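# Inside the fold
Spelled out, the chains give:
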Amino acid sequence: MENLSEDRIIQDRIEKLEKIRKLNIDPFPSRWENDRKHIAEVIDTFTQNENSDIKGKSSSISGRIIAKRGMGKVVFFDIKDQSGKIQLHYKEEESNVSKDFLDLLDIGDIVGVDGSAFRTRRGEITLDIHEIVLLTKSIRPLPDKWSGLKDNEIRYRQRYLDLISNDESKEIAIKRSKIVSSVRNFMNDRGFLEVETPILVDIPAGGRAIPFETFHNTLDKKLFLRIATELHLKKLIVGGIEKVYEIGRLFRNEGIDHDHNPEFTTMESYESYEDYNTVMEMVENLVAFVAKEVNGTTKIKIAEDKFIDLAPPWDRIDLRETIIKNTGIDFLEVKNNNLLAEKMIEKGFVADPNEAWGVLLDRLISQGVETKLIKPTFLLDYPIEMSPLAKLKPGSKDIVERFEAFVLGHELANAFSELNDPIDQRNRFIEQENLRKNVGDQEADRLDEDFLVSIEHGMPPTGGLGIGIDRLVMLLTEQDQIREVLLFPQLRSKE
């Protein structure tokens, strides 16, 4: 019945469209030759000059009709642009605009309006219509103004309707852009050079992930969508660009949940002659800088009267000690995947003994540690099996200089003192290849010969970082679903 109702509405609007054309009015003109102002600007100007003589001064605005209320010969509209909304007023005997034409306008139509602002007896700033021009006729109805668009499935599939109906969604989209710009400003101010590296690659290396495959017809070869920007950026470090970063999309053929989307945005950076301690200081300062610039404060509200502060310094805790404290398991004493799985199951954690040891430990961290890391925290020093691209801690054969940053139980960043010993790196890549072939670890990293050749020419000591832009946006917009901060998240196909 609902579809029939919508069909009738569409048919009615098509009929109105024909009537508009019969009036020699183009319902889809190319442009509107007026000195257009944003609605918020018109409201601000009126508010600032309300006590002065501004009557008769006309303003031009344009936007979408989101409400229409007719009372005899008087009609009120609400019109909305990106900056806000304003009420329009039409009185037949006081206007040169045809009432017949106004009757052909619907909610959803985009119009241009010339008019003078005044305040109604109820105190609402309103624009008295002098002229109204149809700029685009809307054929389909919008979601109901009062209930808004509540169905998340429709919100994500038809994001344009979500943006029209829900101001919060639009604010998140705008804030995301500001966050990315702020990250870029911070990195540029620290002397980093922004670059672009290939998205289509021969070998999807530089991280733990299953890649997406494609095929290039002219080159007659299989290619992959990148899972990381790491290896190309390190080649630039070898080439003498000492501070480099990239903000870009990565693609991983993984599950979808509140934290993960198959394509996501990261900022990866590499700085010569530094280690993960320098990167830690940079991360806490970066996040605080962006929060202050975008939100005006480093504090994030997590409950009615409870806040966390993103200002430095952040807590720094040892991974091994934290796992022992929270789970009772010492990963250095259970180096076999079967033993680790047995211990995890014994302690009440989900584990599959067929998975690789590093995968099991990652699951243990997720289940037993991450959710407890509410305040901004650096988790330090990981086992080598989980970090094939990181440098060993001096004096250790098992632990590398790696940290992950967590806030509100979510991973925000991952960083290493980068491995620059090409022989050690080759051996670790071979171990990763063996894990995939012999243990079935499909996410294990891959040997990239071209990258190994590059660091055989000499890569200086380097501190590397990957920070999730989507996660940062979630944090600074107080969202707990990644789909809320992506304009077009991946969804299952409609049946």
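Residues numbered from 1 in each chain as written. Predicted model: local features only at pLDDT ≥ 70, side-chain atom pairs only at ≥ 80, totals over all residues. Heavy atoms only, no water.

A few words now on the sheet that holds strand β17 (residues 410–417). The eight strands are arranged β6-β10-β11-β18-β17-β16-β15-β14 in an open sheet whose pairing can be described as mixed. In this open sheet, the two edge strands, each paired with only one partner strand, are β6 (193–194) and β14 (315–318). Alignment of β14 against strand β15 (residues 377–383), held across four bridges, turns out to be parallel. When the bridges of β15 are listed, I317 appears paired with L379. Here helix α6 (residues 167–189) sits on the sheet in contact with β6, β10 (243–251) and β11 (263–272), set at roughly 155° to β10. Running at roughly 20° to β11, helix α7 (residues 230–238) makes contact with β10, β11, β17 and β18 (462–468) of the sheet. (Pairing = 2+ DSSP bridges. Helix = DSSP H or I, 4+ residues; strand = E, 2+ residues; numbered from the N terminus. Contact = heavy atoms within 4.5 Å. Axes fitted to C-alpha atoms, helices over the stretch in contact; angles between N-to-C directions.)

What follows covers the environment of R208. As for its placement among the helices and strands, R208 is situated in the loop between β7 (200–201) and β8 (213–216). For R208 and S387, which are 179 residues apart along the polypeptide, the C-alpha to C-alpha distance reads 9.2 Å. Setting aside chain neighbours within four positions, we find R208 in contact with R252, V359, Q432, D441, E443 and A444. Here D441 takes part through its side chain, which lies 2.9 Å from a polar atom of the side chain of R208. (Polar contact = N/O pair within 3.5 Å; in protein donor to acceptor, adjacent residues only side chain to side chain.)

This next bit is on the sheet that holds β7. Read from one edge of the open sheet, three strands run β7-β9-β8, paired in antiparallel fashion. Two strands lie at the open edges of the sheet, namely β7 and β8, each paired on one side alone.

Our next topic: the side chain of T462. Note on placement: T462 falls in strand β18. For T462, a relative accessible area of 1% corresponds to the buried category. Among the polar contacts listed, one links the side chain of T462 to the backbone oxygen of P460, at a separation of 2.7 Å. When sequence neighbours within four positions are dropped, the list of residues in contact with T462 reads I237, Y270, E271, S272, Y273, E274, F416, S417 and E418. (Buried < 20%, exposed > 50% of the residue type's maximum accessible area, 1.4 Å probe, protein only.)

If you look at soluble globular proteins, the nonpolar side chains tend to sit buried side by side. Counting 43 residues, the largest nonpolar core has V183, M267, V283, V287, L310, F403 and L476 as the members making the most contacts within it. Of all the secondary structure elements, the ones that give two or more residues to this core are α6, β10, α8 (276–295), β15, β16 (399–407), β17, β18 and α14 (469–477). It is α8 that provides the largest number of residues to this core, a total of ten residues. With sequence-adjacent residues up to four places away left out, L476 is seen in contact with K175, I179, V290, A291, N295, I300 and L310. (Core = buried A, V, L, I, M, F, W, Y, C linked by side-chain atoms within 4.5 Å.)

Structurally, the position occupied by Q82 is in the loop between β2 (74–81) and β3 (84–91). Classification of Q82 by relative accessible area gives exposed; the value is 58%. Residues Q82 and K170 lie 88 residues apart in sequence; the distance between their C-alpha atoms is 8.4 Å. Those residues within four positions of Q82 in sequence are excluded, and the remaining contacts are K170 and I174.

Moving on, we come to the packing of aromatic side chains. A complete count under the given rule lists six aromatic pairs for this structure. An angle of 25° between the planes, with centres 5.2 Å apart, marks the rings of W314 and F378 as stacked. Of this pair, W314 sits in the loop between β13 (306–309) and β14 while F378 sits in strand β15; the two residues are 64 residues apart in sequence, bridging distant segments of the chain. For W314, a relative accessible area of 4% gives the class buried. Among the residues examined, F378 registers a relative accessible area of 0% and is labelled buried. Grouping aromatic residues by their ring pairs yields a cluster made of Y276, W314, F378 and F403. A cation over an aromatic ring shows up here: K335 above the ring of W357, its NZ or CZ 4.3 Å from the ring centre. Across the ring face of Y382, the terminal group of R402 is positioned such that the distance to the ring centre comes to 4.3 Å. (Phe/Tyr/Trp six-rings, centres within 6.5 Å; stacked < 30°, edge-to-face > 60°. Lys NZ or Arg CZ within 6 Å of the ring centre and 35° of its normal.)

A few words on the pattern of salt bridges. Within this structure, the stated rule accounts for 40 salt bridges. Note that D106 and R13 form a salt bridge whose closest N and O atoms lie 3.9 Å from each other. Residue D106 is located in the loop between α3 (99–102) and β4 (110–119), and its partner R13 is located in helix α1 (residues 2–22); the two are separated by 93 residues in the primary sequence. We note that D106, like R13, is buried. Between D470 and R176 there is a salt bridge; the shortest N-O distance is 2.7 Å. Within this pair, whereas D470 is found in helix α14, its partner R176 is found in helix α6, the two being separated by 294 residues in sequence. Taken together, the shared-partner salt bridges connect D12, R13, K16, D106, D109 and K137 into one network. (Salt bridge = Lys/Arg side-chain N within 4 Å of Asp/Glu carboxyl O.)

Regarding helix α10 (residues 337–346), the residues found buried are N337, L340, A341 and M344. One side of α10 holds all its buried residues, which, seen down the axis, span an arc of 100°. Looking at α10, the residues exposed on the side facing more than 90 degrees away from the buried face are E342 and E346. Buried positions along α10 lie against α11 (357–368). Backbone nitrogen of N338 and a side-chain oxygen of the N-cap are separated by 2.7 Å at the start of α10; the cap is N336. Looking one or two residues past α10, G348 carries a phi angle of roughly 95°, positive in sign. (Arc of directions from axis to C-beta.)

Here D448 shows up in the loop between α12 (422–439) and α13 (449–456). On the basis of relative accessible area, D448 is assigned to the buried category, the value being 10%. A C-alpha to C-alpha distance of 8.9 Å links D448 and D202, two positions 246 residues apart in sequence. Sequence-distant contacts of D448, defined by excluding residues within four places in its chain, comprise I203, A205, L231 and F429.

In short, the description is geometric, and any link to function would need to be established separately.
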